[in-house]
Amino acid sequence: MTIQDYLSYDTKSTKRLVSGGTATIKKREGRQLKAGGLWIYDNEIDSLTGDYENGDILSVLDFDGYFLGYGFVNTASTIRIRMLARRKEDPPLFFMKGSVPPGPIERRSLTPPPAG
């Protein structure tokens, strides 16, 4: 599932948010992630397996199979995975369309009206 699919996800749909892909972190890597970091670099990843495309949400596992969370994958970047959630349930739906106000509307509410 791509980011666009995620943003337009219907909560009543039976399609899962998470793709079938899995990222496994190398042994002795991922210290920043375990300390609360949100990025996983390409040199920290042991393997990317399963069915996924760039922009899909993958399950992230430690070297011994311990679940670490979910993240968006981008194989074209040095920051290979950007973490989204750390719970084992489907990722939170706060990115759902309509749940978060779009940028221009939010910015308009923060800017003072024009003088005159």
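Predicted model, so just to flag it, every value in this text is computed and none were measured.

How each quantity is defined
Residues numbered from 1 in each chain as written. Predicted model: local features only at pLDDT ≥ 70, side-chain atom pairs only at ≥ 80, totals over all residues. Heavy atoms only, no water. Helix = DSSP H or I, 4+ residues; strand = E, 2+ residues; numbered from the N terminus. Buried < 20%, exposed > 50% of the residue type's maximum accessible area, 1.4 Å probe, protein only. Contact = heavy atoms within 4.5 Å. Areas by Shrake-Rupley, 256 points an atom, 1.4 Å probe, with all protein chains shown as cover. Core = buried A, V, L, I, M, F, W, Y, C linked by side-chain atoms within 4.5 Å. pLDDT = per-residue confidence, 0-100. Salt bridge = Lys/Arg side-chain N within 4 Å of Asp/Glu carboxyl O. Phe/Tyr/Trp six-rings, centres within 6.5 Å; stacked < 30°, edge-to-face > 60°.

## Details of the overall build of the protein
Here's step 1: When helices and strands are tallied, the protein shows three helices and six strands.
Here's step 2: When its helices and strands are written in sequence order, the protein yields α-β-α-β-β-β-β-β-α.
Here's step 3: The proportion of buried residues among the 116 residues of the protein is 34%.
Here's step 4: In the protein, the proportion of contacts linking residues at least 24 apart, taken out of those at least 6 apart, comes to 52%.
Here's step 5: Carbon and sulfur atoms make up 53% of the accessible area of the protein, which amounts to about 7700 Å² in all.

## Overview of the nonpolar core
Here's step 1: Ala23, Ile25, Leu33, Ile40, Ile45, Leu58, Val60, Leu68, Val73, Ile81 and Met83 together form the largest nonpolar core, which totals eleven residues.
Here's step 2: Elements supplying a minimum of two residues to this core: strand S1 (22-25), strand S4 (57-61), strand S5 (67-73) and strand S6 (79-85).
Here's step 3: Apart from residues lying up to four places away in sequence, Met83 is in contact with Leu33, Gly37, Leu38, Ile40, Val60, Leu68, Gly69, Tyr70 and Gly71.
Here's step 4: In this structure, Ile57, Phe72, Leu84 and Ala85 belong to the second largest nonpolar core, which totals seven residues.

## Quick notes on the side chain of Ser59
Here's step 1: As for its position among the elements, Ser59 is in strand S4.
Here's step 2: When sequence neighbours within four positions are dropped, the list of residues in contact with Ser59 reads Val18, Gly21, Thr22, Ala23, Phe67, Gly69 and Tyr70.

## Some remarks on the confidence of the model for the protein
For any part of a model where pLDDT is low, the fine detail of the predicted coordinates should not be relied upon.
Here's step 1: In this model, the protein carries a mean pLDDT of 77, and residues with pLDDT of at least 70 account for 63%.
Here's step 2: Long-range and interchain partners of residues 94-98, a stretch whose pLDDT sits below 50, account for twelve contacts in this model, where long-range means more than four residues apart.

## Details of the pattern of salt bridges
Here's step 1: With the rule as written, the count across this model stands at two salt bridges.
Here's step 2: Residue Lys34 is joined to Asp62 by a salt bridge in which the shortest nitrogen-to-oxygen separation is 2.9 Å. You can see Lys34 sitting in helix H2 (residues 31-34) and its partner Asp62 sitting in the loop between S4 and S5, a full 28 residues away along the chain.
Here's step 3: Residue classification places Lys34 among the partly exposed positions, given a relative accessible area of 48%.
Here's step 4: Of the residues examined, Asp62 reaches a relative accessible area of 6% and is grouped as buried.
Here's step 5: Among the ionic pairs, Asp42 bridges to Arg80, the shortest N-O distance being 3.7 Å. Placement of the pair is Asp42 in the loop between strand S2 (39-41) and strand S3 (45-49) and Arg80 in strand S6, with a sequence separation of 38 residues.
Here's step 6: The exposure class assigned to Asp42 is partly exposed, which follows from its relative accessible area of 32%.
Here's step 7: A residue is classified by how much of its surface remains accessible, and Arg80, at 17% relative accessible area, is buried.

## Description of the packing of aromatic side chains
Here's step 1: Across all of its chains, the model carries two aromatic pairs by this definition.
Here's step 2: Their ring planes at 85° and their centres at 6.3 Å tell us that Trp39 and Tyr41 sit as a pair that is edge-to-face.
Here's step 3: For Trp39, a relative accessible area of 43% puts it in the partly exposed group.
Here's step 4: Judged by centre distance (5.1 Å) and plane angle (70°), the rings of Phe67 and Tyr70 are edge-to-face.

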